[in-house]
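Working through the structure, step by step
For reference, the chains in residue letters:
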Amino acid sequence: MSKVLGAVAVLCLAAMVLLTVADVLLRAFFNYPLRGMLELIELGLACTVFLGLPAVFLRDANLVVDVVDQLARASVVRRLRLLGALLSLALLSVMAWQMLPLARGMYEFGDVTSDLSIPKIYYWIPVLLGVVASAAASLALILRWRRRP
């Protein structure tokens, strides 16, 4: 699942790059900007960041400061990684729990963006999916930790 979400994130990133280049070229040569560019970039950014998160968790590619890793024994570092995964699972679960009513309210209200009238639930879908999948990835890291010696 993380590979599929990661592939979608890459496609969204490529679309953002292409849209930005097209907008700059159209502005420079024809004085014709793309309408709703900011909204499209916001949507692409939400997809890129949040759909890419589960792969980051599973690859253990989060940004870390490894000062303790150099000073402590391997068993202490291993426990700290478990603590980080547990905290990630807890925080991501709370985030999903708090975001779900907001997304539901936005869907029921029918809120749309100002320029292109894109339903704002389309912004929430990748965010919620990414947060829930990242929580699942954290759970997978915790289960993987238990199997390692």
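Before reading on, note that the structure itself is shown above.
Computed from a predicted structure; not experimentally measured. (Residues numbered from 1 in each chain as written. Predicted model: local features only at pLDDT ≥ 70, side-chain atom pairs only at ≥ 80, totals over all residues. Heavy atoms only, no water.)

Glancing now at the packing of aromatic side chains. Taken as a whole and assessed by the stated rule, the structure comprises 0 aromatic pairs. If you follow Arg 78 out to its NZ or CZ, it ends over the ring of Trp 145, 4.1 Å from the centre. (Phe/Tyr/Trp six-rings, centres within 6.5 Å; stacked < 30°, edge-to-face > 60°. Lys NZ or Arg CZ within 6 Å of the ring centre and 35° of its normal.)

One finds Leu 92, Met 99, Ala 103, Trp 124, Leu 128 and Val 131 to be the most contacted residues of the largest nonpolar core, which totals 13 residues. Only helix H2 (37–58), helix H4 (74–109) and helix H5 (121–147) provide two or more residues apiece to this core. Ranked by the residues each element gives to this core, the list is headed by H5, at 7 residues. Apart from residues lying up to four places away in sequence, Val 131 is in contact with Phe 50, Leu 92, Met 95, Ala 96 and Met 99. In terms of nonpolar packing, the next biggest core, distinct from the first, is built from 9 residues, Cys 12, Leu 43, Tyr 123 and Ala 133 among them. (Core = buried A, V, L, I, M, F, W, Y, C linked by side-chain atoms within 4.5 Å. Buried < 20%, exposed > 50% of the residue type's maximum accessible area, 1.4 Å probe, protein only. Helix = DSSP H or I, 4+ residues; strand = E, 2+ residues; numbered from the N terminus. Contact = heavy atoms within 4.5 Å.)

Next up on the list: the side chain of Asp 23. Looking at the element boundaries, Asp 23 is found in helix H1 (residues 2–30). If we ignore the near neighbours within four places in the chain, the residues touching Asp 23 are Pro 33, Leu 34 and Met 37.

Attention now moves to the environment of Ala 133. Among the secondary structure elements, Ala 133 is positioned in helix H5. Under the relative-accessibility criterion, Ala 133 is labelled buried at 14%. Ignoring sequence-local partners within four residues, the contact set of Ala 133 consists of Leu 5 and Pro 54.

Contact geometry of H1 with H2 gives a least axis separation of 8 Å together with a crossing angle of 150°. One way to sum up the angle between H1 and H2 is to call them roughly antiparallel. With respect to the hand of their crossing, H1 and H2 are arranged in left-handed fashion. Touching Ser 2, Leu 5, Gly 6, Val 8, Ala 9, Cys 12, Leu 13, Met 16, Leu 19, Thr 20 and Asp 23 of H1 are Met 37, Leu 40, Ile 41, Gly 44, Leu 45, Cys 47, Thr 48, Leu 51, Gly 52, Pro 54, Ala 55 and Leu 58, all from H2. Within the contact of H1 with H2, the residues separate by chemical class into 16 nonpolar, 6 polar and 1 charged. (Axes fitted to C-alpha atoms, helices over the stretch in contact; angles between N-to-C directions. Parallel < 35°, antiparallel > 145°, perpendicular 65-115°, else oblique. Left-handed = near helix turned anticlockwise from the far one by under 90°. Nonpolar A, V, L, I, M, F, W, Y, C, P; charged D, E, K, R; others polar.)

Running from N to C, H2 and H5 point in directions that differ by 10°, and their axes come no closer than 7 Å. When the interaxial angle is binned, H2 and H5 end up roughly parallel. Each residue belonging to the contact of H2 with H5 can be placed in one class, and the counts come to 19 nonpolar, 3 polar and 3 charged.

Looking now at H4. With 36 residues, H4 extends 52 Å from end C-alpha to end C-alpha; this agrees with the ideal 52 Å at 1.5 Å per step. Where H4 bends most, the angle comes to about 25°, and this point is Met 99, followed within four residues by the proline Pro 101. Where H4 is concerned, the buried positions are Val 77, Leu 82, Ala 85, Leu 92, Ala 96, Met 99 and Ala 103. After H4 finishes, the residue Gly 110 shows a positive phi value of roughly 75°. (Expected span 1.5 Å × (residues − 1). Bend = angle between axes of the 7 residues up to and from the residue.)

Keep in mind these values describe shape, not function.
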